[in-house]
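Coordinates in review
Take a look at the letters that make up each chain.
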Amino acid sequence: MSKSTKKPSSRNEIPPLGKKSDEITLTASQRRLLQLLIKGTESEEPNVLAAGRL
Amino acid sequence: MRYQVYRSEARKQAAIVTLQLQLQLERHGPTAIDLSKVRFEPINQQALQASTLWRDQHFCWNEVIEWKGREPLSLDIAIWFEEELCGLCFANPNASKNRIRIVRLEGRPYESHPLKRRIGALAMIVIEQYAQLIGSKVLEIQEPLKGAISHYQELGFGFDAGGRLVKTLENLVS
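Residues numbered from 1 in each chain as written. Chains lettered and ligands numbered in written order. Predicted model: local features only at pLDDT ≥ 70, side-chain atom pairs only at ≥ 80, totals over all residues. Heavy atoms only, no water.

1. Comments concerning the nonpolar core
Counting residues in each nonpolar core, the largest one holds 51 residues, and the members touching the most others are Ile102, Leu105, Met124, Ile127 and Tyr152 of chain B. For this core, the leading source of residues is helix α4 (residues 119-134) of chain B, giving 11 residues. If we skip the residues at most four places from it in the chain, Leu105 of chain B touches Asn47, Val48, Leu49 and Ala50 of chain A together with Trp61, Leu88, Cys89, Ile119, Gly120, Ala123, Met124 and Tyr152 of chain B. Of all hydrophobic cores here, the second largest spans 17 residues; its members include Leu48, Phe59, Trp61 and Trp80 of chain B. (Core = buried A, V, L, I, M, F, W, Y, C linked by side-chain atoms within 4.5 Å. Buried < 20%, exposed > 50% of the residue type's maximum accessible area, 1.4 Å probe, protein only. Helix = DSSP H or I, 4+ residues; strand = E, 2+ residues; numbered from the N terminus. Contact = heavy atoms within 4.5 Å.)

2. Points about the side chain of Glu106 of chain B
Here Glu106 of chain B lies in strand β4 (residues 99-107). Buried charge without a partner: Glu106 of chain B forms no salt bridge, and the closest opposite charge is Arg104 of chain B, 7.4 Å away. Side-chain polar atoms of Glu106 of chain B contact the backbone nitrogen of His58 of chain B, separated by 2.7 Å. A polar side-chain atom of Glu106 of chain B sits 2.8 Å from a polar atom in the side chain of Trp61 of chain B. Contact partners of Glu106 of chain B, with chain neighbours within four places excluded, come to Asn47 and Val48 of chain A together with Trp54, Gln57, His58, Phe59, Trp61, Cys86, Gly87, Leu88 and Ile119 of chain B. (Lys, Arg positive; Asp, Glu negative; His and termini not counted. Salt bridge = Lys/Arg side-chain N within 4 Å of Asp/Glu carboxyl O. Polar contact = N/O pair within 3.5 Å; in protein donor to acceptor, adjacent residues only side chain to side chain.)

3. Section: unusual backbone geometry
All names here are of chain B. Residues other than glycine seldom take positive phi values, yet Tyr110 does so here, at roughly 65°. Along the chain, Tyr110 turns up in the loop between β4 and α4. Positive phi values are uncommon outside glycine, yet Glu143 reaches one of about 50°. Among the structural elements, Glu143 can be located in the loop between β5 (138-141) and α5 (149-154).

Functional significance is not addressed by these values, which are geometric in nature.
Printed below as a string of structure tokens:
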């Protein structure tokens, strides 16, 4: 039995982000957040995002 | 002490996934931003000092030092780009740890900074890692500003039946 080696499906495609990052497993939500990091959010980001108190 | 380890681990894991994202992107060419320069640190004296350089900062973040002492489960995050402080966040789980409230979140005001439009996402990456470690199921924004709501929706939040801006976290899929 020969072991198969994994190859990226396409050189032009970013592989699924962080599905398994070494020992860190990410949820779909976390993968979406990583996608947002690439270009930044579409909506303007206010400086103050939460203004609560203890 | 246990939660000190969890906080540190959450920041560390967020740094690893951010770095790995950068490495993945670089395989496909130049990137608009170098995410390998992002650092997640506690809100310490260095962060407080850097925040005093912010023009018209909204909060006095010094009081967070006292909050940290009062709330042993709380999570504090200073988001740096190299030596530039770009964002600060304080979040606190409730007693059952089921829910984490994002109490304060502020990006560097006025002047442009390298992580503009990414502060919310970066903070949530750390907070979601922390939520996984302590077993929290829901994130809630405490007192979101009106102008920030569409931004939170983009980050996956929505209003629950009680009118709270929340995000229900998924379980890990193996």
